[in-house]
Amino acid sequence: MERPKMAELESLETAAEHERILREIESTDTACIGPTLRSVYDGEEHGRFMEKLEARIRNHDREIEKMCNFHYQGFVDSITELLKVRGEAQKLKNQVTDTNRKLQNEGKELILAMEELRQCRLQQRNISATVDKLTLCLPVLEMYSKLREQMKSKRHYPALKTLEHLEHTFLPQVSHYRFCKVMVDNIPRLREEIKELSMSDLKDFLESIRKHSDKIGETAMKQAQQQRNLDNIVSQQPRISGGKKSKKEFSASSELEVKNTSPMSEQDSGILDVEDEDEEEEVPGAQDLVDFSPVYRCLHIYSVLGARETFESYYRKQRRKQARLVLQPPSNMHETLDGYRKYFNQIVGFFVVEDHILHTTQGLVNRAYIDELWEMALSKTIAALRTHSSYCSDPSLVLDLKNLIVLFADTLQGYGFPVNQLFDMLLEIQDQYSETLLKKWAGVFRTILDSDNYSPIPVSNEEAYRKIVGQFPFQDAELEKQPFPKKFPFSEFVPKVYSQIKEFIYACLKFSEDLHLSSTEVDDMIRKSTNLLLTRTLSNCLQNVIKRKNVGLTELVQIIINTTHLEKSCKFLEEFITNITNVLPETVHTTKLYGTTTFKGKVAQTACMSACKHLSTSLLQLLLEAEVRQLTLGALHQFNLDVEECEQFARSGPVPGFQGDTLQLAFIDLRQLLDLFIQWDWSTYLADYGQPTCKYLRVNPTTALILLEKMRDTSRKNNVFAQFRKNERDKQKLIDTVAKQLRGLINSHHS
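Remember, it's a predicted structure, so these values are computed and weren't measured experimentally.

Caption draft 1: Main features of the overall build of the protein chain. A tally of regular secondary structure across the protein chain gives 25 helices and two strands. Out of the 751 residues in the protein chain, the part that is buried amounts to 38%. Across the protein chain, every contact between residues at least 6 apart in sequence was considered, and the portion connecting residues at least 24 apart equals 77%. Split by element, the accessible area of the protein chain, about 44,000 Å² in all, is 53% carbon and sulfur.

Caption draft 2: Region of the structure containing helix 9 (residues 308-326). Over its 19 residues, helix 9 runs 27 Å from end to end, which matches the ideal 27 Å to within 8%, given 1.5 Å per residue. Along helix 9, the residues that are buried comprise F311, E312, Y315, R316, R319, Q322, A323 and V326. Buried residues along helix 9 cover an arc of 125° about the axis, so they all sit on one side. Projecting away from the buried face of helix 9 at angles above 90 degrees are the exposed residues E309 and L325.

Caption draft 3: Main features of the packing of aromatic side chains. Inspection of every chain in the model, using the stated rule, returns 27 aromatic pairs. Ring centres 4.8 Å apart and planes at 25° place the aromatic pair Y433 and F511 in the stacked group. Here Y433, found in helix 13 (residues 420-451), pairs with F511, found in helix 16 (residues 493-512); they are 78 residues apart in sequence, far enough to count as distant. Between the aromatic rings of W680 and W682, the centroid separation amounts to 5.8 Å while the plane-to-plane angle is 90°, which identifies the pairing as edge-to-face. Accessibility expressed as a relative area gives 24% for W680, which makes it partly exposed. For W682, a relative accessible area of 3% corresponds to the buried category. Through a chain of ring-to-ring contacts, the aromatic side chains of Y465, F472, F474, F484, F488, F490 and Y498 assemble into a single cluster. A cation over an aromatic ring shows up here: K486 above the ring of Y465, its NZ or CZ 4.5 Å from the ring centre.

Caption draft 4: Molecular detail of the packing of helix 12 (residues 395-414) against helix 13. The interhelical angle for the contact between helix 12 and helix 13, taken along N-to-C directions, is 165°, at an axis separation of 9 Å. Viewed along their axes, helix 12 and helix 13 adopt a mutual orientation that is roughly antiparallel. Classified by chirality, the crossing of helix 13 by helix 12 is left-handed. Each of P395, V398, L399, K402, I405, V406, F408, A409 and D410 in helix 12 lies in contact with helix 13, whose residues at this interface are L422, F423, M425, L426, I429, Y433, T436, L437 and K440.

Caption draft 5: A look at the nonpolar core. Ranked by internal contacts, the top residues of the largest apolar core, which has 110 residues, are L202, F344, F351, F488 and F493. Membership of the second largest hydrophobic core comes to 33 residues, among which are C612, L674, V699 and L745.

Caption draft 6: Representation of the confidence of the model for the protein chain in the model. Looking at the protein chain, pLDDT values average 78 and 81% of them are 70 or higher. Here residues 238-280 is a poorly scored stretch, pLDDT under 50, and it has 66 contacts once near neighbours within four places are set aside; other chains count.

Caption draft 7: Expanded view of unusual backbone geometry. The linkage connecting F484 with the following residue, P485, adopts the cis geometry, with an omega of -5°. Here P485 shows up in the loop between helix 15 (477-481) and strand 2 (486-487). Although it is not a glycine, Y454 adopts a positive phi angle of roughly 50°. Within the element layout of this structure, Y454 appears in the loop between helix 13 and strand 1 (458-459). On the basis of relative accessibility, which here comes to 9%, the residue Y454 falls in the buried class.

Caption draft 8: Quick look at the pattern of salt bridges. Taken as a whole, this structure holds 27 salt bridges when the rule is applied. A salt bridge links R320 to E372, with the shortest nitrogen-to-oxygen separation between them at 3.4 Å. On the criterion of sequence distance, the pair formed by R320 in helix 9 and E372 in helix 11 (residues 367-389) is long-range, its members being 52 residues apart. On the accessibility criterion, R320 (24% relative accessible area) is partly exposed. One connected set of salt bridges, linked through shared partners, spans D524, K528, D669 and R698.

Caption draft 9: Molecular detail of the environment of T169. Along the chain, T169 falls in helix 5 (residues 156-170). Residues T169 and V140 lie 29 residues apart in sequence; the distance between their C-alpha atoms is 9.3 Å.

Caption draft 10: Spotlight on a nonpolar patch on the surface. A cluster of nonpolar residues, Y72, F75, I79, L82 and L83, forms a patch on the protein surface that exposes about 550 Å² of accessible area. Positionally, I79 belongs in helix 4 (residues 72-152).

Caption draft 11: Looking closely at the environment of I370. Within the fold, I370 resides in helix 11. According to the relative accessible area criterion, I370 is buried, its value standing at 0%. Taking C-alpha positions, I370 is 7.8 Å from D355, a pair spaced 15 residues apart along the chain. If we ignore the near neighbours within four places in the chain, the residues touching I370 are F351, E354, L358, V365 and F417.

Caption draft 12: Representation of the side chain of E312. Take E312: it is sitting in helix 9. Excluding its chain neighbours within four sequence positions, the residues that come into contact with E312 are G363 and L364.

Definitions and limits used
Residue positions within a chain follow its written sequence, with the count starting from 1. Predicted model: local features are reported for residues with pLDDT of at least 70 only, side-chain atom pairs are reported and counted for 80 or more only, and whole-chain, interface and lining totals are derived from all residues. Here the side-chain values reflect all heavy atoms present in the structure, with hydrogen atoms and water set aside. Only DSSP runs of H or I with at least four residues qualify as helices, and only runs of E with at least two residues qualify as strands; both kinds are numbered from the N terminus onward. Relative accessibility under 20% of the residue-type maximum defines a buried residue, over 50% an exposed one, and the middle range a partly exposed one, all with a 1.4 Å probe and only protein chains included. Contacts are assigned to residue pairs that have any heavy atoms within 4.5 Å of one another. All accessibility values rest on the Shrake-Rupley procedure with a 1.4 Å probe; residue burial counts only the protein chains present in the view. The span one expects for a helix is its residue count, reduced by one, times 1.5 Å. Throughout, the arc means that of the directions going from the helix axis to the C-beta atoms. Ring geometry is summarised as follows: Phe, Tyr and Trp rings, the Trp one being its six-membered ring, pair when their centres sit within 6.5 Å, and such pairs are stacked at plane angles under 30 degrees, edge-to-face over 60 and tilted between the two. In this analysis the charged atom, NZ for Lys or CZ for Arg, is taken to sit over a ring once it is within 6 Å of the ring centre and within 35 degrees of the ring normal. Convention adopted: a line fitted to C-alpha atoms gives each axis, helices being fitted over their contacting stretch, and angles between N-to-C directions are expressed from 0 to 180 degrees. Note that the term roughly parallel is reserved for angles under 35 degrees, roughly antiparallel for angles over 145, roughly perpendicular for angles of 65 to 115, and oblique for everything else. Put simply, a crossing is left-handed when the front helix is turned counterclockwise from the back one by less than a right angle, and right-handed when it is turned clockwise. To define a nonpolar core, start from buried Ala, Val, Leu, Ile, Met, Phe, Trp, Tyr and Cys residues and group those joined through side-chain atoms within 4.5 Å. What pLDDT reports is the predictor's confidence in each residue, on a scale of 0 through 100. In the sections that follow, a salt bridge refers to a side-chain nitrogen of Lys or Arg positioned within 4 Å of a carboxyl oxygen of Asp or Glu. Patch rule: a residue counts if its relative accessible area is over 30% and it has no salt bridge; like charges are joined within 9 Å, and nonpolar side chains (Val, Leu, Ile, Met, Phe, Trp, Tyr) within 5 Å.

Shown next as structure tokens:
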């Protein structure tokens, strides 16, 4: 019973749903009927729905039929009206057809004209398009032609710029043309060609620089000489001005500058020819000799091409090779001064060029590279000078060489290169110069002694007397009272030898000029050299005269008289040296001229003095040895006891004849150094440094700095907890402060 009831309920629901759908179909727009129909097919009663739909259609058809029957008369009337209109419409059609025919006949000419116009417009558009394309292509072709012309004329840098514009600006606009593709394919080859050609120019420049380094160096050294002359004039006449360049102006005018080059000068090899000029004319600047544009162009080209490192490596490698060639002295360099001058000119020329490259390019060379080359050059130059100068036996040549080395050093120092080692080497050459002077004066003395008659000098009038007294400092009241003619007690070789000793002193003084030595050092050098002249050269000459077989008793007596007067004249020689050097003889450092028995067969004295000097030097070297890395104050006290024993030996007079503390002076350098450290008297040393009356005048700041560094290292390594103790910290700060001041003294001394 329940199933029939449920079926009946479902049938009623389905019928109601179908009725709703039919109402929606009747009332809904046809565009939105899809969802409604889908709901029908989603169910299972679509057959029954179709039956209801057909029934509904039949109902509507019946209603339409009823409505048409109701309006039939109106329909008939409308048909009648339409038939009337058809006739009128046919007439209108005929009129339109006739009008169209007439219009077609009349428009044929217009159509022909319009076709001609269309063809003209088409041609105009084609021409305009062609012009536009040519407008784009012609600059490319012109640029390419310009590129080939620039490469042909070796204007490589402009050619590279043109190539860059062509590649990045012009070719992209016409890249679809075949000729452009050919150009694009050629660009790498053209770029490589420019690279190779610019490198060829650089090689020509380097070769020309190598050949003309001596000319560049000669110019730079002439400029340095002019500057020195100007400085001397200014120092001698400080108030005179007008018409002369100031030092600053002169330096500015002599600096190297980049030479502005036009495209016509791009084929230069790098060196401009300059004719020799008279000494009175202004020396041309190095910028007048060197055209650096090949270097700049090549550097820029390689930078643009991304190969800057390759260029830098090549340039530095080639210049290192050239440096080695420049630093190789000729085998006969020592024969003439010109040999040395050419050698120095080449070195100066090389470093003048490198210094200019350093300051006008960004990183082509750097300071580390320059310093490395300079260190190599300095060591090789000093070695070459030591070797070749040892062959020089002419003091004039040695003196000229010294002046040339000073000019060489001053020139390079003006460009910022450290030259302290050159001046240190000059002190070595100074010893050699003294030896050559001693050899020369040995010949002079031999000539004087050989030509002497070993008889008292007779004078017949006041003029002749005053002439001899003017040559030799002789004072004798008894001889003054005697009437003419009268005789001096000594023979002619005494005033001649005395005059030659003064000439020797002048010759020694010449070498010390421009060496940046203090007056104390100059005084010491002259006195030591003069002592060697007296005790070795003159003494040996006198001994040789005495040893001659033909020397009689009279000559021996006269020689003794002569030597006695020469010995007494030593105090006048000391006054003469003091007047030259302006160093007072009573200062503790001053080397004394050996006393009254200097010339009498004093072999023991010489040996004793040499031994003391050797001992003093050895003891000092012991402190300065590199192996001695640490030094304590206690060690210095013990060392001081050893030195005091040596001084006690010197005071004991092991060999008779030494005046006063002459033998003790052998240890004066060591004594002052030890007193400075043991008494820790740095304030006095630093305050009085360089003054003639300085208590520690013989203490070299470099030596003091070396010892102080060793004491500082000891303080740092041994005192582990020094940083926690105020005294130790204060001591360390004091050592650091003193070391800094010593370095300042050293730098100011060398500059």
